[in-house]
Amino acid sequence: MTVETRLFIGGEFVDAAAGGRIAVVNPHDGSELASIAEARAEDVDRAVEAAAAAFPGWSATPAMERGRLLLKLADAIEADTDGLARLESTDTGHPLRDSRALDVPRTAVTFRYFGGMADKVQGSVVPVEKGFLNYVMREPVGVVGQIVPWNFPLMFTSWKMGPALAAGNTVVLKPSELTPLSTLRVAELMRKVGFPPGVVNIVPGYGDKAGQRIAEHPGIHKVAFTGSTATGRKVVRASAGNLKRVQLELGGKGANIVFDDANIPAAVGGSAFAIFHNQGQACIAGSRLLLHDKIADEFLDRFLKLTRSIKLGDPLDAATEMGPLTSAMHRDRVVAFCKVARDEGGEVLTGGRPPERGDLARGFYVEPTVVRAKPADRVSQEEVFGPFVTVTTFRDEDEAVALANGTVYGLGGGLWTENLARAHRVARAFVSGMVWINSYKRVNPGSPFGGVRGSGYGREMGFEAMHDYTEAKSVWVNVDAKLPPFYPR
Ligand code: NAD
């Protein structure tokens, strides 16, 4: 498949003004996959101009027609499943089986969901005092900026652009400099299915240049950011200039609690998926295993056996269950956390280093890693964002809940129990945006996704997302009110 490597502005693929390039690397073997145009501030400015010019037409386009284009895009993505899955796997390191079964279908269904949603978001009529009619319209915000990370680049095109476009906004989206290829492919498909020029603009570039410009741009009225908590703070600061709306999907340190009454085999498999899917590079990863001390040994025996059996390898090999991490820098960071753990008295139970196999030596692989750690240790508090899970034991439900809520984050968490009352009680006690009972990491375009506290604010997916991409306008009509004279003369 030939890949587009230029910026997408005003419906055309164009070179960057300053002519800079970024090398995109294949994480399986470190080879250069492509050299893409690097967007800088002046390119973001051009993209915002194009989006602003497209806004009046797009926002006035009947919602049903906006939805029809999103539905066509969903079909085009599905029709391109094989190509898109291979592209995503080569660029990010996701095993092909996951890109085919999860990334591409989830992208298509999310665009389809918001295609169907476009004409279902309605205003309301408020029962106000006699003589007046008061109705509330939901209007698009305007030009929105969207900044996304490298862990699920294809899926995030739909999570971010689906609701924004359905609601009538126009978009300037910056993918991560590490993984821009599938996003540029989606731009090609958008052009093919007939999105008007300027409605969507894609500007791959570095965070401190293109990203920063989006966050501060006076012509952008909302910025939706997915990434680390530290960068989220910078985005908030940069947004203050024109007081743009901000939506933040930030980091997490998901607690995954296994009670003594859990179905252990199910919990073992589910907990492995919770942390090791996508090499642990997921904000909602279940990266802290909290085990009731009665079942801790049995659980851990099974969990370690499963962990050691996970098949690492070339993402394009159908048998591969875990691919490389997305960049060399990130691999080094994840491995370095083993030293951090040991320095604080933690014990690496398995993994913690690149595999010894010669065929993987040039790639950014890390063996799946399990570390015994204390709740206050850095590895139990900081987001590692890799195939790295900490294990801690607890004695009772209160202690489990206190440990689960004992970080600055509040994105998602899970619990395994056969006790119905406990399941709901603990779900309620979680300080987080999402909870999974006897499962982990379920997502659906209809179900609100997002966090609280250090994990950010605002929600993607569902009606909540449409709400976040619209402003309420309250209109008052004097139907037959006889107003008293305000200034009797
Ligand atoms: P990051 O914060 O380094 O980068 C995210 C994006 O922000 C990239 O496109 C980057 O280029 C850009 N950026 C960097 N500096 C910027 C600046 N000063 N101004 C504007 N933009 C800037 O994060 P990352 O390492 O790419 O991704 C991993 C992080 O993303 C993890 O913390 C993970 O938890 C988080 N994440 C959160 C969610 C969620 O929905 N809550 C989903 C996926 C990932």
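So, here is what we can say about the structure in this document. (Residues numbered from 1 in each chain as written. Predicted model: local features only at pLDDT ≥ 70, side-chain atom pairs only at ≥ 80, totals over all residues. Heavy atoms only, no water.)

Even without a glycine there, the phi angle at leucine 243 is positive, about 50 degrees. The backbone of asparagine 438 sits at a positive phi, close to 55 degrees, despite the residue not being glycine. Relative to the helices and strands, asparagine 438 is located in the loop between strand E18 (434-437) and strand E19 (456-457). (Helix = DSSP H or I, 4+ residues; strand = E, 2+ residues; numbered from the N terminus.)

As a further point, take the sheet that holds strand E20 (residues 470-478). Read across the sheet, three strands follow the order E5-E6-E20 without closing on themselves; strand pairing throughout is antiparallel. Two strands in the sheet have a free side with no partner beyond their single neighbour: strand E5 (124-126) and E20. Neighbour-to-neighbour, the strand axes of this sheet turn through a mean angle of 30 degrees, independent of strand direction. Taken together, the nine bridges between strand E6 (residues 132-140) and E20 define a ladder with antiparallel strand orientation. (Pairing = 2+ DSSP bridges. Axes fitted to C-alpha atoms, helices over the stretch in contact; angles between N-to-C directions.)

Attention now goes to the pattern of salt bridges. Counted by the stated rule, this structure contains 32 salt bridges. Here aspartate 98 ties to arginine 97 by a salt bridge, and the two come within 3.3 Å at their closest N and O atoms. Assessed through its relative accessible area of 41%, arginine 97 is described here as partly exposed. Linked by salt bridges that have partners in common, Asp260, Asp261, Lys294, Glu397, Arg422 and Arg425 make up one network. (Salt bridge = Lys/Arg side-chain N within 4 Å of Asp/Glu carboxyl O. Buried < 20%, exposed > 50% of the residue type's maximum accessible area, 1.4 Å probe, protein only.)

Bringing a nonpolar patch on the surface into the picture now. A cluster of nonpolar side chains, namely Val125, Leu133, Tyr135, Met137, Val477 and Val479, defines an oily patch on the protein surface of about 470 Å² accessible area. Here the element with the most residues in the nonpolar patch is E6; it accounts for three residues. If you trace the backbone, valine 479 turns up in the segment after E20. For valine 479, a relative accessible area of 54% puts it in the exposed group. (Patch = residues over 30% accessible without salt bridge, like charges linked within 9 Å, V, L, I, M, F, W, Y side chains within 5 Å. Areas by Shrake-Rupley, 256 points an atom, 1.4 Å probe, with all protein chains shown as cover.)

Interpretation note: all reported values are geometric properties and have no functional meaning in isolation.
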